[in-house]
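Examining the three-dimensional arrangement
Okay, here's what each chain looks like letter by letter:
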Amino acid sequence: MAASRTRAQPDPILAGRVAAVLDAAGVGPGSRLCVALSGGVDSVVTLHQLAALRKERGFVLRAAHVDHGLQPAAGDWAAFCERLCAGLGVEIDVFPVTVRRDHPDGLEAAAREARHGALATLTVDWLVFGHHLDDQAETVLFRLLRGVGVRGAGAMAACEPGAPGRLRPLLEVRRGEILEYARAAALTWVEDHSNADRRHARNRLRHDVLPCVEAAFPQAAEMLARSALNFREADGLLDELAHQDARACGDGERFSLDALRALSAPRLRNLLRWRIRCTGAEAPARARLLEAVRQLRSTTTPSLHLPLGQVACCLHRGRVWIEAMPMRAHPRPVRWCGEEEIAWSDGRVLFERRRGEGLSAALLERGEVVVASRRGGLRMSDAPGRPRHSFKNLCQEAGVPPWWRDRLPVVYVDDEPVWIAGVGIAAAARCAPGERGVLPSWWRPGAPLRS
Ligand SMILES: Nc1ncnc2c1ncn2[C@@H]1O[C@H](COP(=O)(O)OP(=O)(O)OP(=O)(O)O)[C@@H](O)[C@H]1O
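All values reported here derive from a predicted model rather than from experimental measurement.

Okay, the domain arrangement of the protein next. If you check the domain split of the protein, you get domain 1 (12-221), domain 2 (250-324) and domain 3 (334-450). Here the C-alpha centre of domain 3 lies 51 Å away from the C-alpha centre of domain 1.

Linking two cysteines covalently via their sulfur atoms produces the bond known as a disulfide. Scanning the model with the defined rule gives 0 disulfides in all. Lacking any disulfide linkage, Cys 85 is separated from the closest cysteine sulfur, that of Cys 81, by 6.6 Å. In this model Cys 314 remains outside any disulfide bridge; the closest cysteine sulfur is found in Cys 313, 6.6 Å from its own.

At the junction of Ala 163 and Pro 164, the peptide bond is cis and its omega measures out at -5 degrees in the coordinates. Positive phi outside glycine occurs at Ala 186, with the angle close to 55 degrees. Even without glycine at this site, Asp 414 takes up a positive phi of about 45 degrees. Structurally, Asp 414 can be placed in the loop between strand 18 (410-413) and strand 19 (416-420).

Remark: a regular strand shows side chains that alternate across the two faces of the sheet. For strand 12 (residues 341-344) and strand 13 (residues 347-355), the ladder comprises 4 bridges, and the chain directions are antiparallel. Residue pairing across strands places Glu 341 opposite Leu 350, the latter belonging to strand 13. Connecting the antiparallel pair strand 12 and strand 13 is a turn made up of 2 residues, with Ser 345 showing a positive phi of about 50 degrees. Judged from the 8 bridges that link them, strand 13 and strand 21 (residues 436-443) form a sheet pairing that is antiparallel. Note that in strand 21 the partner of Phe 351 across the bridge is Pro 440.

If you add up the space inside the second largest pocket, you get close to 240 Å³. Those elements that provide at least two residues to the lining of the second largest pocket are helix 5 (133-145) and helix 9 (220-249). It is helix 9 that provides the largest number of residues to the lining of the second largest pocket, a total of 5 residues. For the lining of the second largest pocket, the residue count by class is 8 nonpolar, 1 polar and 5 charged.

Glancing now at the environment of Gly 149. On the secondary structure map, Gly 149 appears in the loop between helix 5 and helix 6 (150-153). For the pair Gly 149 and Asp 208, spaced 59 residues apart in sequence, the C-alpha to C-alpha distance is 25 Å.

Glancing now at the site of the ligand. Neighbouring the ligand are 14 residues, the closest being Ala 36, Val 66, Arg 112, Arg 115 and His 116. Leu 37 is positioned such that a nitrogen or oxygen atom in its backbone is 3.5 Å from a nitrogen atom of the ligand. Separating a nitrogen atom of the ligand from a backbone N or O atom of Val 66 is a distance of 2.8 Å. Protein burial of the ligand: of its 600 Å² of free accessible surface, 80% is covered by the chains. Elements with a minimum of two residues in the shell around the ligand: strand 2 (60-67) and helix 4 (107-119). Residue classes in the shell around the ligand are distributed as 5 nonpolar, 7 polar and 2 charged.

Definitions and limits used
Residues numbered from 1 in each chain as written. Predicted model: local features only at pLDDT ≥ 70, side-chain atom pairs only at ≥ 80, totals over all residues. Heavy atoms only, no water. Domains from an automatic or database assignment. Disulfide = S-S within 2.5 Å. Helix = DSSP H or I, 4+ residues; strand = E, 2+ residues; numbered from the N terminus. Pairing = 2+ DSSP bridges. 1 Å grid on protein atoms, 1.4 Å probe; cavity = no way out; pocket = protein on both sides within 12 Å on 5 of 7 lines; lining within 4 Å. Points joined across faces, edges and corners; volume = space filled by probe spheres on them. Nonpolar A, V, L, I, M, F, W, Y, C, P; charged D, E, K, R; others polar. Near = heavy atom within 4 Å. Polar contact = N/O pair within 3.5 Å; in protein donor to acceptor, adjacent residues only side chain to side chain. Areas by Shrake-Rupley, 256 points an atom, 1.4 Å probe, with all protein chains shown as cover.

In structure tokens, the structure reads:
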């Protein structure tokens, strides 16, 4: 490894491509950019290019290296990145991470997850990656060979807005061009020898499959990258359609079953996929989604709870929505001592102070207040003069879906139920107009329940 050049030199062709991506992202004075610096040639060239442009454009540039600690040379890479950045006058953060060895998708996926987790903690506007056109072509082919849909085949975007957003300024540049530039500019970088390991399917694709394809189709990489752009465009249109359908079938989050049934099956699947993505969950397996849509279209039962990976598609009384899965089993009872909120299952119970609303604060202050799951034989009267009803009846009346019932938080005062999430407040515990009150509510991902 030779000493790195310390002055960044712009290259007109590369610089033009990088500038186009910065323009598309609206990078200007004061924008905060951080290069995800592995120490490999791609991210080293990315860093050099940006270092050369930062003065003229006025953005703030820094770098971050994630030390996966997986290879004996990992510490050397971090040291190399630190020296490189010092030479360029760029601040760098090095993140040592612990990579899960038991990740279901393998060590590479675990490393990626740990890396992205560490990079996501940076307070910047844009994370900048060194992905190039050959990476894009490989990603498209790799994903198509795994049977992805339009979204997956869209692979990576040069500019992905977000918090932070992601930029890939070299996405239209061939690997060979990057190497050529790096050599001509006498840059130094580290080689990751695991990239040559043919035990990884991705590396076999890179070293064995793509060269054969390119021998027969010389423009294969460019064409695969172009297909990615077409797929991305189609994916954008599918999102627009889902958005329109979401508004036409409900309030954007909860939909009418009848309206959903008027959609074709592929269109309904598109809507559910979009909605699942909005919750931040991963796309479900196709077979599960097909089955969920089949059941939604044909069911005669009032309630359905259809697991779709990290989320479930729920039907209750003609309304359909997506909510987080799995709901954790109910925890042990929790004593309430006036806190504004307490953790409950996979959400929390909030206690808001209100005047003339909610539970009587005086009553709560007099007794022992406990938040617990429903106890056997629970009965409560939710309106003055009404007899006490069983928990099941109260839930049915309030439209609480059956799969929530065992996990609903219930507030007890001296063992008497006074509030059931989603059902309401016991008539005898309600605060009078003008009196100090406490209004509980239960929040869990996708399902806020006020009394
Ligand atoms: N250890 C690291 N620290 C910081 N950035 C890294 C590291 N490894 C990779 N990167 C960034 O990710 C880019 C792509 O790296 P690589 O091709 O090895 O990963 P990938 O797994 O294919 O990509 P991705 O992480 O986006 O799925 C690099 O050019 C670099 O910007």
